[in-house]
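Notes for the structure review
Each chain is listed here by its residues.
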Amino acid sequence: AQLVESGGGLVQFGGSLRLSCAASGHHFVNDGMGWFRQAPGKEREFVAANWWRDGTIYADSVKGRFTISRDDEKNTVYLQMNELKTEDTAVYYCAAGLLSSSMWLPTAFEYWGQGIQVTVSS
């Protein structure tokens with residue numbers, strides 16, 4: 001399977017961006033999909049994930065500002081990011097294909113996108 005992110009870029013503090021991740025080569029209906037991010041010098045961290053069995057979960061740092069959604073017909077997952085802060089600056093990665101139910105862990109996902117830069121300026 002291949003995952004391709006789009007929609008990143010530069011945005012001002014308080015602004016919004018919508019990331020998309022289109023999957024091909026495997027249909028992820030009824031499977032988990034999620035988003036992680038990695039800032040320079042930091043480990044990859046969980047942002048949000050969705051799975052029909054366990055619902056949707058968010059990192060505390062983005063709860064109330066970010067929304068994950070998916071279109072299973074298009075095999076695509078989205079991340080709507082509002083009220084962006086400078087600390088949201090990172091490379092954002094799409095993930096799919098659960099290996100375990102611990103969706104907040106990077107090791108729970110089999111497939112990864114190449115990552116896309118999101119930069120929030122002050």
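Use the structure listed above.
To keep things clear, this report deals only with the structure shown in the data block. (Residues numbered from 1 in each chain as written. Predicted model: local features only at pLDDT ≥ 70, side-chain atom pairs only at ≥ 80, totals over all residues. Heavy atoms only, no water.)

1. Side note on unusual backbone geometry
Convention followed: In DSSP terms, a helix is any run of H or I states spanning at least four residues, a strand is any run of E spanning at least two, and both are numbered starting from the N terminus.
Backbone geometry at Asn-30 places phi at a positive 70°, although glycine is not the residue there. Here Asn-30 lies in the loop between β3 (17–24) and β4 (33–38). Even without a glycine there, the phi angle at Asn-75 is positive, about 55°. Mapped onto the elements of the fold, Asn-75 is located in the loop between β7 (66–71) and β8 (76–81).

2. Regarding the nonpolar core
For clarity, the threshold we go by: Here, nonpolar core means buried Ala, Val, Leu, Ile, Met, Phe, Trp, Tyr and Cys residues that are tied together by side-chain atoms lying within 4.5 Å of each other. Exposed residues in this analysis have more than 50% of their type's maximum accessible area, buried residues have under 20%, and partly exposed residues fall in between, with area computed by a 1.4 Å probe over protein chains only. The contact criterion used is simple: two residues touch if any of their non-hydrogen atoms lie within 4.5 Å.
Residues Trp-35, Leu-79, Met-81 and Tyr-92 are the most contacted members of the largest nonpolar core, which totals 35 residues. Secondary-structure elements contributing two or more residues to this core are β3, β4, β5 (45–51), β7, β8, β9 (90–98) and β11 (116–121). Per element, the largest residue contribution to this core is six residues, and it comes from β9. Every residue in contact with Met-81, bar those within four places of it in the chain, is listed here: Gly-15, Ser-16, Leu-17, Leu-19, Arg-65, Phe-66, Tyr-92 and Val-118.

3. Considering the packing of aromatic side chains
Centre distance and the angle of the planes are the two values used to describe a pair of aromatic rings. Formally: What counts as a ring pair is set by centres within 6.5 Å for rings of Phe, Tyr and Trp (its six-membered ring), and what kind of pair is set by the plane angle: stacked under 30 degrees, edge-to-face over 60, tilted for all other angles.
Counted by the stated rule, this structure contains six aromatic pairs. Seen from their ring centres, Phe-36 and Phe-109 are 5.8 Å apart, and the 80° between their planes marks the pair as edge-to-face. Of this pair, Phe-36 sits in strand β4 while Phe-109 is found in strand β10 (residues 109–112), placing the two residues 73 residues apart along the sequence. For the pair Phe-109 and Trp-112, a centre-to-centre distance of 6.5 Å together with 75° between the ring planes defines the contact as edge-to-face. A relative accessible area of 4% places Phe-109 in the buried class.

4. A short note on the pattern of salt bridges
Rules: We define a salt bridge as a contact between a side-chain nitrogen of Lys or Arg and a carboxyl oxygen of Asp or Glu at a distance within 4 Å.
Using the criterion set out here, one finds six salt bridges in the structure. Between Lys-63 and Asp-60 there is a salt bridge, with its nearest N and O atoms 3.1 Å apart. Judged by relative accessible area, Asp-60 falls into the exposed class, the value being 67%. The partner of Asp-72 in a salt bridge is Arg-70, with the nearest N and O atoms 3.1 Å apart. Looking at Asp-72, the relative accessible area reads 28%, which means it is partly exposed.

Any functional reading would require information beyond the geometric quantities listed.
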